[in-house]
Amino acid sequence: MHKIIAANWKMYKDRTQAATTAGELAAVLPEILPAGREVIVFPPFTAIESVARVFDGKKGLAVGGQNFYPAPEGAFTGEISIDMLRDVGAQWVLAGHSERRHVFGESDELVARKAVFALSHGLKTMLCIGEKLEEREQGSLYAVLERQLMAFFEARPDGMAGETLPGRLAIAYEPVWAIGTGKVAGPGEVREAHGVTRALLERFVGDSGKKLPILYGGSVKPDNAGALIALDNVDGLLVGGASLEAQSFLQIIGA
Ligand code: 13P
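The following refers to the structure shown. The shown structure was predicted, so the numbers you read here are calculated from the model rather than taken from an experiment.

### Points about the environment of serine 81
Step number 1: When you line up the elements, serine 81 lands in the loop between strand E3 (61–65) and helix H3 (82–87).
Step number 2: Its relative accessible area of 6% is what places serine 81 among the buried residues.
Step number 3: Here serine 81 is in contact with Tyr69, Ala71 and Pro72, once residues within four sequence places are set aside.
Step number 4: At 3.4 Å, the side chain of serine 81 forms a polar contact with the backbone nitrogen of aspartate 83.

Printed below as a string of structure tokens:
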């Protein structure tokens with residue numbers, strides 16, 4: 001499976017800063033991007049268009065939105081639609097990032113509805129899942145990942161069969177306790193969680209579940225990226241803090 005290396009810039013960078021970092025990536029990546037690797041950057045809304053302009057026409061580079069509201073348009077003050085994201089150049093969206101779930105209170109049901117909406121309206125979707133520390137300590141890893149994935153797979157309309165998902169749905173496993181804490185999950189923990197996720201995907205959509213990429217996220221840095229991406233069922237990385245500087249993100253991409 002090809003590998004996806006994604007940057008989540010969260011609420012960092014204005015347009016100039018974003019275009020500068022995107023330019024540093026675009027200047028070298030078309031030459032050095034290893035075959036079968038794809039890079040996606042998720043800037044804040046106001047910088048999506050700036051990054052999309054820099055990436056335009058560059059092979060293997062894509063841009064996405066970090067959030068959106070699952071309605072075509074309407075009286076939803078403060079929200080952004082899928083068409084608006086596409087209009088500024090987004091090809092991807094995140095759904096269910098841990099900060100959306102735990103800082104903004106998005107439920108499994110809302111996250112599932114958002115992922116279904118984005119896919120139905122033609123944007124590739126990265127569905128994020130992951131357990132909190134107390135859930136892991138209670139031995140609930142399997143139950144949490146099952147609940148989060150099941151919410152999405154059961155919310156799909158009839159037309160969204162499993163075979164239609166590879167190529168447009170990616171899963172990102174991000175243990176909440178490893179996000180922004182410097183505490184990366186160990187190889188055993190990552191192997192276990194990705195194995196559970198793979199088994200669940202196969203349970204929900206059969207063989208198509210083998211073809212859905214599962215990214216790891218949570219304190220990925222240049223010095224641990226190589227070991228993480230080499231693990232079974234790790235088909236990419238979703239990087240926060242270490243993606244903000246081009247040099248550090250480039251080292252991760254090349255790891
Ligand atoms: P950090 O890499 O800063 O831990 O963030 C991970 C993350 O949330 C990516 O979506």
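On we go from here.
### Some details on helix H9 (residues 222–229)
Step number 1: Buried within H9 are the following residues: Asn224, Ala225, Leu228 and Ile229. What you see down the axis of H9 is that its buried residues fit within an arc of 125 degrees, all on one side. Facing away from the buried side of H9, by more than 90 degrees, are the exposed residues Asp223 and Ala227.

### Points about the sheet that holds strand E7 (residues 214–217)
Step number 1: Taken together, the eight strands give a closed barrel; going around it, the order is E1-E2-E3-E4-E5-E6-E7-E8, and neighbouring strands pair in parallel fashion. Here the strands of the sheet are splayed against their neighbours by 25 degrees on average, with no regard to which way each runs.
Step number 2: Pairing geometry for strand E6 (residues 169–173) and E7, over three bridges, is parallel. Bridging across to E7, tyrosine 173 finds its partner in tyrosine 216.
Step number 3: In this fold H9 packs onto strand E1 (3–8), strand E2 (37–42), E7 and strand E8 (236–239), with an angle of close to 150 degrees to the strand it touches most, E8.

### A short note on the packing of aromatic side chains
Step number 1: Under the criterion given, the structure shown has four aromatic pairs.
Step number 2: Each ring, one from tyrosine 69 and one from phenylalanine 76, has its centre 4.5 Å from the other, and the planes form 35 degrees; the classification is tilted.
Step number 3: The partly exposed category is assigned to tyrosine 69, whose relative accessible area is 25%.
Step number 4: With a centroid separation of 6.3 Å and 50 degrees between ring planes, the pair formed by tyrosine 173 and tyrosine 216 is classed as tilted.

Thresholds applied
Residues numbered from 1 in each chain as written. Predicted model: local features only at pLDDT ≥ 70, side-chain atom pairs only at ≥ 80, totals over all residues. Heavy atoms only, no water. Helix = DSSP H or I, 4+ residues; strand = E, 2+ residues; numbered from the N terminus. Buried < 20%, exposed > 50% of the residue type's maximum accessible area, 1.4 Å probe, protein only. Contact = heavy atoms within 4.5 Å. Polar contact = N/O pair within 3.5 Å; in protein donor to acceptor, adjacent residues only side chain to side chain. Arc of directions from axis to C-beta. Pairing = 2+ DSSP bridges. Axes fitted to C-alpha atoms, helices over the stretch in contact; angles between N-to-C directions. Phe/Tyr/Trp six-rings, centres within 6.5 Å; stacked < 30°, edge-to-face > 60°.

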